[in-house]
Amino acid sequence: MNYLLKKYLCFFISFLISFVAINANAQDDSLFRFLKKIEYPISSFTVDNLGELYVINIDDQLKKFDEKGDSIGVFNQVTKYGKLSYVEAQNPWKAILFYKNYSTIVLLDKYLNVVSSINLRKQDIFQVNALTTSYDNNIWLYDEQDNKLKKIDDSGNNIFETVDFRLLFDSVPSPQRIIDSDGFVYLYDPEKGLYIFDYYGSFKNKLPFLHWTDIAVIDKEIYGFDKENLYRYNPPFPDAKKYTLSPELQDNNSIKVNNHRIYVLKNQQVKIYSLQ
């Protein structure tokens, strides 16, 4: 009797382990489910909070696609202001074209019509690597020369600034990404980590997430990538969860997360996957 019980017990444990392993693999496979692709010769892209895509094609034309994949706007003057550094489109109603080498910002409306342009040098701002739209429809930027997070309006007027970061930190960050989300401003320096401030400029926290690309904040969850993995951090837990990217998501030119979707630029196409 003991021999039979042991035999059945071993069989049950083996079955349970196999079931768990199969189920875990199924969960991994379903984490990134292919939805559709934008077949367009794309050199770079970004995505706004409504799931609308802003793509730069190989001829330096900016085109906007809605969530269904239909074209809803075109901007043909991308190179008029010099070499474009990147498009920032956190706010679906105001896209920012940033020309770093020319210290110039061009603001576009939701249909990609020019609203205004800002020469930062005329505002005595000479060194900026990152900027974004703010919750109140202004612009956050980090002034590397003054070591301050600043907020400017659409005319370039300074309406708010923090204290000098050299008074706050022993080693001053050089943010490459700024995100405004749910009452906080996130500054990411891939060599030093993620710095979190409230809207009044008070420093709240620093998270030691290094060497991530395409960092995003969605409903206070923080996402980032490296060459092979997606990371998801849900405060106040101490560590970020790591998910291995499937082969078709690796070796990409750019990868982003928004609206519970993964957007991947590869072979001049953007493929869109659901994120469970």
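Residues numbered from 1 in each chain as written. Predicted model: local features only at pLDDT ≥ 70, side-chain atom pairs only at ≥ 80, totals over all residues. Heavy atoms only, no water.

Undergrad: I'd like a rundown of the sheet that holds strand β16 (residues 193–198), residues and numbers included.
TA: Backbone-to-backbone hydrogen bonds join strands into a sheet, with any given pair of strands oriented parallel or antiparallel. Across the sheet, 4 strands lie side by side as β14-β15-β16-β17; this open sheet has antiparallel pairing. If you trace the sheet from one side to the other, it starts and ends with β14 (177–181) and β17 (203–207), each paired once. Between one strand axis and the next, the sheet turns by 20° as a mean value, whatever way the strands run. (Pairing = 2+ DSSP bridges. Helix = DSSP H or I, 4+ residues; strand = E, 2+ residues; numbered from the N terminus. Axes fitted to C-alpha atoms, helices over the stretch in contact; angles between N-to-C directions.)

Undergrad: Can you lay out the side chain of Asp 143 for me, pointing to particular residues and giving the numbers?
TA: Position of Asp 143 among the secondary structure elements: in strand β11 (residues 139–143). Reaching out from Asp 143, the side chain makes a polar contact with the backbone nitrogen of Gln 145 at a distance of 3.0 Å. Dropping the residues within four chain positions of it, Asp 143 is found in contact with Asp 124, Ile 125, Gln 127, Lys 148 and Lys 150. (Polar contact = N/O pair within 3.5 Å; in protein donor to acceptor, adjacent residues only side chain to side chain. Contact = heavy atoms within 4.5 Å.)

Undergrad: Give me the lowdown on the pairing of strand β4 (residues 62–65), citing residues and values where you can.
TA: Neither face of β4 is open: one carries Leu 62 and Lys 64, the other Lys 63 and Phe 65, and all of them are buried. Across 4 bridges, strand β3 (residues 53–57) lies against β4 in antiparallel orientation. Bridge pairing in β4 places Val 55 opposite Lys 63. Counted between consecutive antiparallel strands, the loop separating β3 from β4 contains 4 residues, among which Asp 60 sits at a positive phi close to 60°. Relative to strand β5 (residues 71–75), β4 runs antiparallel, the two being bridged by 4 bridges. Looking across to β5, one finds that Lys 63 is bridged to Val 74. Here β4 folds back onto β5 in antiparallel fashion, the turn holding 5 residues, of which Gly 69 has a positive phi close to 95°. (Buried < 20%, exposed > 50% of the residue type's maximum accessible area, 1.4 Å probe, protein only.)

Undergrad: Could you give me a rundown of the sheet that holds β11, with the residues and numbers involved?
TA: The strand order across the open sheet built from 4 strands is β10-β11-β12-β13, with neighbouring strands paired in antiparallel fashion. Edge positions in the sheet fall to β10 (128–133) and β13 (158–161), since each of these pairs with one other strand and no more. In this sheet, adjacent strand axes meet at a mean angle of 25° when their direction is disregarded. By the bridge criterion, 4 bridges tie β10 to β11 in an arrangement that is antiparallel. Bridged to Thr 133 within β11 is Ile 139.

Undergrad: I'd like a rundown of the environment of Lys 206, residues and numbers included.
TA: Among the secondary structure elements, Lys 206 is positioned in strand β17. Residues Lys 206 and Leu 187, spaced 19 residues apart in sequence, show a C-alpha to C-alpha distance of 9.5 Å. In terms of polar contacts, Lys 206 uses its side chain to reach the backbone carbonyl oxygen of Lys 192, at 3.4 Å.

Undergrad: Account for the side chain of Lys 64, with residues named and values stated.
TA: Mapped onto the elements, Lys 64 comes out in strand β4. A polar atom in the side chain of Lys 64 sits 3.4 Å from the side chain of Glu 52. Within the local environment of Lys 64, its side chain forms a polar contact with the backbone oxygen of Lys 110, the two atoms lying 2.7 Å apart. Non-local contacts of Lys 64, meaning those with residues more than four positions away in its chain, are made with Asp 48, Glu 52, Leu 53, Tyr 54, Asp 70, Ser 71, Ile 72, Gly 73, Pro 92, Lys 110 and Leu 112.

Scope: geometric values only; no functional claims are made or implied.
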